[in-house]
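Given next are the chains, with one letter for each unit.
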Amino acid sequence: MAEYINGVNPEILKWARERSGYSVEAAAKTLNKKETFISECESGDRPLTYVQLEKLADKYKRPVALFFLPNPPEEENIVDKLALRSRDVKKLEPRTLFLFRQAYSRQLSLMELNNEKNPIENLIFRDLQFSTSDIALNEENAFELADRSRAYLNITVEMQSNWENEKIALENWRNHIQDKGVFVFKDAFKDNLVDGFCLLHNEFPIIYLNNTRPSVRKVFTLSHELGHILIGKNGITPDITGLIKSESTELEIFCNQFAHEFLVPTRDFKKRLNYSEYNDDVIQKLAKYYKVSRHVILLKLINIGILPQDIYNQKVRNWADQYEHQKRNEKSNKGSGGGDYYNTHLTYLGEKYTRHAFEKYHQELCSVEKLSDCLNVKVRNLEELENRFLRKAINK
């Protein structure tokens, strides 16, 4: 018979569940129990076995030791700092809440590894930051900020058009932005409402991208979140490519305008508008040239008056149907094979952050335990992770 354990703080049981975004029903299903079981545990009227506590700790992504503390830890609630920027975001998935905590933890790791100072000399979020108390959030200022940002990153339209494909374009944008002090991470959000988010910081602002999205979608999200960082506003980005002015806040409109101009400068775009009609083939051709989504080109054509506004919803629905059909075909052809853990993890972390962490370790500026924590892998897996990282670097 399983033995019950003493000392579990019922207040922390409830705190951890709520912070992780789980209902009483979801927690009960984890233990194959009724909802009353969890309610009684959280009120202190029912004990848990150690196995049951381990299962809850694993679900909430918390260490078991946490549940024996006398009080809930004074943990900054990251979500409270983020303005939900869409009426469509009713409730965030637990996985997304966990990624907020992970992003905050990575900011702390970067602070520890670098003696609380960003090692990059030229920081885009300092040199170009707009103050929303000093400027109006209008199209003119969005375009000006976009032009200045491209110049700061030293990326021309010619360079952009010569990138081989959208995946390479994403990595190039990511690398250029990271070279100016903003760390960019990817992860599988498992949340169809959220494309990405950013967390501000005076030294280490961070952008997270939902890696389940197509590359062109991630390119736009990255640009959109860069806009938020440059005007000093945190936020969660839900399904941003589909937002139009009537559905967006002033802040969202500004960051969308910034992203569109950043990726497709109007002056250059107008030079290429020499078509007799603007059908799907032409939109796709322009999207391929700039390495962006068809949505970006469509909205650009609408905003400069080439196409009518009422065409937007129809085309987006058609494209969404095409995309879902394509995904189903790809899924049926792919089979059941899983991805490679190490390569996927390196993709999420990014080359710059991974290299930075290993360099600090080899310079004896952090312990192996700290390195494990920074890279979110077990100590025993660090050697193989570094081997994969070096192999990828050599083969680039």
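Below: a short report on this structure.

Applying the stated rule across the entire model yields 18 salt bridges. Note that Arg95 and Asp187 form a salt bridge whose closest N and O atoms lie 2.5 Å from each other. On the criterion of sequence distance, the pair formed by Arg95 in helix H6 (residues 94–113) and Asp187 in strand S1 (residues 183–187) is long-range, its members being 92 residues apart. The partly exposed category is assigned to Arg95, whose relative accessible area is 23%. Across the pair Arg126 and Glu203 runs a salt bridge whose closest N-O atoms are separated by 2.7 Å. Residue Arg126 is located in helix H7 (residues 124–127), and its partner Glu203 is located in the loop between strand S2 (196–199) and strand S3 (206–210); the two are separated by 77 residues in the primary sequence. The class for Arg126 is partly exposed, based on a relative accessible area of 43%. Each member of the salt-bridge network shares a partner with another, and the members are Glu112, Lys370 and Asp373.

Residues Trp173, Ile297 and Leu298 are the most contacted members of the largest nonpolar core, which totals 58 residues. In terms of residues, this core owes the most to one element, helix H12 (residues 250–263), which gives seven residues. Discounting chain neighbours no more than four positions away, the residues touching Trp173 are Arg150, Leu153, Ile155, Gln160, Trp163, Val219, Leu222, Phe262 and Leu263. The next biggest cluster of nonpolar side chains, apart from the first, holds 33 residues, and it includes Phe185, Phe189, Phe204 and Ile236.

Most of helix H15 (residues 294–303) sits out of view: eight of its ten residues are buried. Positive phi appears at Gly305, one or two residues downstream of H15, with a value of about 90°.

One non-glycine residue, Asn115, lies in the positive phi region at around 50°. Residue position: Asn115 is located in the loop between H6 and H7. Exposure remark for Asn115: the relative accessible area of 70% places this residue in the exposed category. Unlike most non-glycine residues, Asn154 shows phi in positive territory, near 60°. Look at Asn154 and you get exposed, because its relative accessible area is 56%.

Cut-offs applied
- Residues numbered from 1 in each chain as written.
- Predicted model: local features only at pLDDT ≥ 70, side-chain atom pairs only at ≥ 80, totals over all residues.
- Heavy atoms only, no water.
- Salt bridge = Lys/Arg side-chain N within 4 Å of Asp/Glu carboxyl O.
- Helix = DSSP H or I, 4+ residues; strand = E, 2+ residues; numbered from the N terminus.
- Buried < 20%, exposed > 50% of the residue type's maximum accessible area, 1.4 Å probe, protein only.
- Core = buried A, V, L, I, M, F, W, Y, C linked by side-chain atoms within 4.5 Å.
- Contact = heavy atoms within 4.5 Å.

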